[in-house]
Amino acid sequence: MSDIKNILDNLNGELKRGTLVMIVLLNTKNQIYGYSLVQTLQTAGIKIDKNTLYPLLRRLEKQELLVSIWDTSENRARKYYQISELGEEVLAQLTQEWSQLNNNISKML
Amino acid sequence: MDIIDKYIYAIGKKLPYDSRDEIKRELKSLLLDEIDSSCGENPSINDVEKIIYEFGSPKQVAKRYKNDDAIISSIYTNLFFMISKIIIGSLTIAFSTIFIINIISNWLTAAVVLENIIDLFLNIFNSSLAAIGFLTVIFILITKFSNEQFLDLEEDWSVDELEDIKLSPDKVSKVETIVDIFFTVLFLSILNIAPGVISVAERGFEASGLKLGHNINTSIFTTFLIFISIVWILEIIINIVKLLTGNTKKLKMYEILVELFNFIILLFMSTSQSLYLNYTSLLGFRAIFMLVTIIIVFELVANIYTYVKYYVLDVKA
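Keep in mind it's a predicted model, so treat the numbers as computed, not measured.

**Describing the overall build of chain A**
Then comes step 1: Assigned secondary structure in chain A consists of four helices and three strands.
Then comes step 2: For chain A, the α and β elements follow one another from N to C terminus as α-β-α-α-β-β-α.
Then comes step 3: Counting across all 109 residues of chain A, residues that qualify as buried make up 34%.
Then comes step 4: Put simply, 44% of the contacts in chain A that link residues at least 6 apart link residues at least 24 apart.

**Examining the overall build of chain B**
Then comes step 1: Across its full length, chain B carries twelve helices and two strands.
Then comes step 2: Sequence-ordered secondary structure for chain B, helices as α and strands as β, is α-α-α-α-α-α-α-α-α-β-α-α-β-α.
Then comes step 3: Per-residue burial for chain B yields a buried fraction of 32% across its 317 residues.
Then comes step 4: Here the contacts in chain B between residues at least 6 apart in sequence split such that 71% fall between residues at least 24 apart.
Then comes step 5: Surface summary for chain B: the accessible area is close to 19,800 Å², and the carbon and sulfur share equals 68%.

**What about the sheet that holds strand S3 (residues 78-83) of chain A?**
All names here are of chain A.
Then comes step 1: Strand order across the open sheet formed by three strands is S1-S3-S2, with antiparallel pairing between neighbours. The sheet is open, and its two edges are formed by strand S1 (32-33) and strand S2 (66-71), each paired on a single side.
Then comes step 2: Here S2 pairs with S3 via six bridges, running antiparallel. By the bridge assignment for S3, Trp 70 is matched with Lys 79.

**Section: the packing of helix H1 (residues 2-26) of chain A against helix H3 (residues 50-62) of chain A**
All names here are of chain A.
Then comes step 1: One way to put it is that H1 packs onto H3 with a least axis distance of 11 Å and a crossing angle of 75 degrees. With respect to H3, the element H1 is oriented roughly perpendicular. Of the residues in H3, those in contact with Leu 20, Val 21 and Val 24 of H1 are Thr 52, Leu 53, Leu 56, Leu 57 and Leu 60.
Then comes step 2: A per-class count over the contact of H1 with H3 returns seven nonpolar, one polar and no charged.

**A few points about the packing of H3(A) against helix H2 (residues 20-39) of chain B**
Then comes step 1: Contact geometry for H3(A) and H2(B): axes closest at 12 Å, N-to-C directions at 145 degrees. Where H3(A) crosses over H2(B), the two elements pack in a sense that is right-handed. Note on element contacts: H2(B) touches H3(A) through B:Glu22, B:Ile23, B:Glu26, B:Leu30 and B:Glu34, opposite A:Lys50, A:Tyr54 and A:Arg58.
Then comes step 2: Split into classes, the residues belonging to the contact of H3(A) with H2(B) amount to three nonpolar, no polar and five charged.

**A closer look at the pairing of S3(A)**
All names here are of chain A.
Then comes step 1: For S3, a buried count of five out of six residues is recorded, marking the element as mostly surrounded by other parts of the structure.
Then comes step 2: In this sheet, S3 lies alongside S1 in antiparallel orientation, the contact comprising two bridges. Paired with Tyr 33 across the strands is Tyr 80, a residue of S3.

**Describing the nonpolar core**
Then comes step 1: Counting residues in hydrophobic clusters, the biggest one holds 40 residues, and the most contacted among them are A:Val24, A:Leu53, A:Leu66, B:Leu27, B:Leu31, B:Phe55 and B:Tyr65.
Then comes step 2: Among residues more than four places away in sequence, those in contact with B:Leu27 are B:Ile8, B:Ile11, B:Phe55, B:Val61 and B:Tyr65.
Then comes step 3: In terms of nonpolar packing, the next biggest core, distinct from the first, is built from 23 residues, B:Phe221, B:Leu225, B:Trp232 and B:Phe289 among them.

**Regarding the interface of chain A and chain B**
Interface size is commonly expressed as the accessible area that is lost once the parts come together.
Then comes step 1: The interface is formed by 18 residues belonging to chain A together with 21 residues belonging to chain B.
Then comes step 2: In total, about 2,000 Å² of surface goes out of reach between chain A and chain B, with carbon and sulfur atoms giving 47% of it.
Then comes step 3: For the pair chain A and chain B, the interface holds six salt bridges.
Then comes step 4: Our count for the chain A to chain B interface comes out at 13 residue pairs in polar contact (both at pLDDT 80 or more).
Then comes step 5: Breaking the side of chain A that touches chain B down by element, the ones donating at least two residues are helix H2 (34-43), H3 and S3 of chain A.
Then comes step 6: Residue contributions to the side of chain A that touches chain B peak at seven residues, all from H3(A).
Then comes step 7: Its residues assigned to classes, the side of chain A that touches chain B comprises seven nonpolar, three polar and eight charged.

**As for H2(A)**
Helical geometry note: an α-helix holds 3.6 residues per turn, so side chains three or four residues apart project in the same direction.
Then comes step 1: When H2(A) is considered as a whole, its buried residues turn out to be A:Gly34, A:Tyr35, A:Leu37, A:Val38 and A:Leu41. Relative to the axis of H2(A), the buried residues are bounded by an arc of 160 degrees and lie together on one face.
Then comes step 2: Here the buried face of H2(A) lies against H1, S1, H3 and S3 of chain A together with H2 of chain B.

**Observations regarding the pattern of salt bridges**
Then comes step 1: Throughout the structure, instances matching the rule amount to twelve salt bridges over all chains.
Then comes step 2: A salt bridge links A:Arg76 to B:Asp36, with the shortest nitrogen-to-oxygen separation between them at 2.5 Å. Of this pair, A:Arg76 sits in the loop between S2 and S3 while B:Asp36 is found in helix H2, placing the two residues in two different chains.
Then comes step 3: By relative accessible area, which is 17% here, A:Arg76 ends up buried.
Then comes step 4: Residues A:Lys79 and B:Glu26 are paired through a salt bridge, measuring 3.5 Å at the closest nitrogen-oxygen approach. With one member in each of two chains, A:Lys79 in strand S3 and B:Glu26 in helix H2 form a pair that bridges those chains. As far as burial versus exposure is concerned, A:Lys79 and B:Glu26 are alike and both buried.
Then comes step 5: A network of salt bridges, in which partner residues are shared, links A:Glu61, A:Lys79, B:Glu22 and B:Glu26.

Reading the values: the criteria
Sequence order as written defines the numbering, with residues in each chain counted from 1. In the order they appear in the text, chains get letters beginning with A and ligands get numbers beginning with 1. Local features are withheld for residues below a pLDDT of 70 in this predicted model, meaning they are given only at 70 or higher, and side-chain atom pairs are given and counted only at 80 or more; totals for whole chains, interfaces and linings count all residues. Neither water nor hydrogens contribute to the side-chain values; these are computed over all heavy atoms in the structure. Strands are runs of DSSP state E lasting at least 2 residues, helices are runs of H or I lasting at least 4, and numbering of each runs from the N terminus. Relative accessible area decides the class of each residue, using a 1.4 Å probe on protein chains only: under 20% of the type maximum gives buried, over 50% gives exposed, and in between gives partly exposed. In what follows, a contact means two residues having at least one pair of non-hydrogen atoms within 4.5 Å. Using a 1.4 Å probe, the Shrake-Rupley method yields the accessible areas, and only the shown protein chains count as cover for residues. Two strands qualify as a pair provided DSSP detects at least 2 bridges between them. A fitted line through C-alpha atoms serves as each axis, taken over the contacting stretch for helices, and the angle formed by two N-to-C directions is quoted from 0 to 180°. Every angle not falling under 35 degrees, over 145, or within 65 to 115 is termed oblique; those three ranges are roughly parallel, roughly antiparallel and roughly perpendicular. Ten residues, namely Ala, Val, Leu, Ile, Met, Phe, Trp, Tyr, Cys and Pro, are considered nonpolar, four, namely Asp, Glu, Lys and Arg, are considered charged, and the remaining ones, Gly among them, are considered polar. By definition, any crossing whose near helix is turned counterclockwise from its far helix by less than a right angle is left-handed, and any crossing with a clockwise turn is right-handed. As used here, the term nonpolar core means buried Ala, Val, Leu, Ile, Met, Phe, Trp, Tyr and Cys residues forming a set that is joined through side-chain atoms within 4.5 Å. Once two parts are joined, some of their accessible surface, as seen by a 1.4 Å probe, is lost; buried area is that loss totalled over both. We define a salt bridge as a contact between a side-chain nitrogen of Lys or Arg and a carboxyl oxygen of Asp or Glu at a distance within 4 Å. What qualifies as a polar contact is a pair of N or O atoms within 3.5 Å, subject to a donor-acceptor requirement within protein and to the restriction that residues adjacent in sequence count only when both atoms come from side chains. Arc, as used here, means the arc of the directions from the helix axis to the C-beta atoms.

Below you can see the structure in the form of structure tokens.
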């Protein structure tokens, strides 16, 4: 029984990892900071480990899919992320792929 | 709060130098957000510690922010294995050839032949191990160097530094420059204290079964050594200045001039007949000098190209 659980945990993990970038890009249309994004995703029913999300934001920024800006106007500086033009293009193609895959798999079910 | 600063400091020590400050700043902001939202405005030490434990140990957190901590980048794996195979193949061919020539040209007893066969395998094994070890070090350095390049472009950028980036065509790698200085000082000292080391090296070549086509005339070599030493001292000075100021137009120009001087000396060394005794073939130090001359020519061309591109035509990096 625990074997099935382990296998499922691994597969679920992989499934989520595969969609993570798309989820982040979809939720950065407006400027948003790390902690707030975790909250937004949680409210939307997507549980994501913040320890995975924070480094991912930085990685996506390095890949130029996100842009960032430090907001120092409040008493605490926060780094805000937003999808870049390149990110928008990638997201458009990614969602297309996603729909296609979803359709194909749905037919198999 | 003291404990947060200590935690962030501990993470920072494990982060790549170039991106350290930015990641530390972001982590602190994220941590404070978490604390604020979970514990309110006046959190207790225990609350803060709990959040910190959720974030993970400094080592774990730093690891998440490192892209690729492999000592040899995966993009070089295939190349690394290909060169390793070539090395093992070449050494096998080389030692086997020496072995066969030895067997053919000498009347050996069966016991000596057996000894030679064992030696053959031991030699191939030992030299392959040494060569692949050396290759590994080179690839580790390439991985490190290419990472630096990547970080320069992606992370080390800020508006304030824009002018500097434009003006320095190739960023000075501190590790490379320090290694450069170290080895130049080492060779400079060894050759000046004991110029006879060159004959020792020749005997070493011959002991390994290589038949040299000439020997170095050490008294003439000592004269050349004066000029070589001048070039090396100038190179050390340039490297030290490079470490302090980074690449500048003037420095690049001096570098080219010293390289030109080096090229002229090496050209004289490669073509001077009095430097070589018992000359029958190229095999020996003359081949090494000629090889270095060719390398210097390539370096010189590359440096002149960089100089013209970035400093004369002012192409933006």
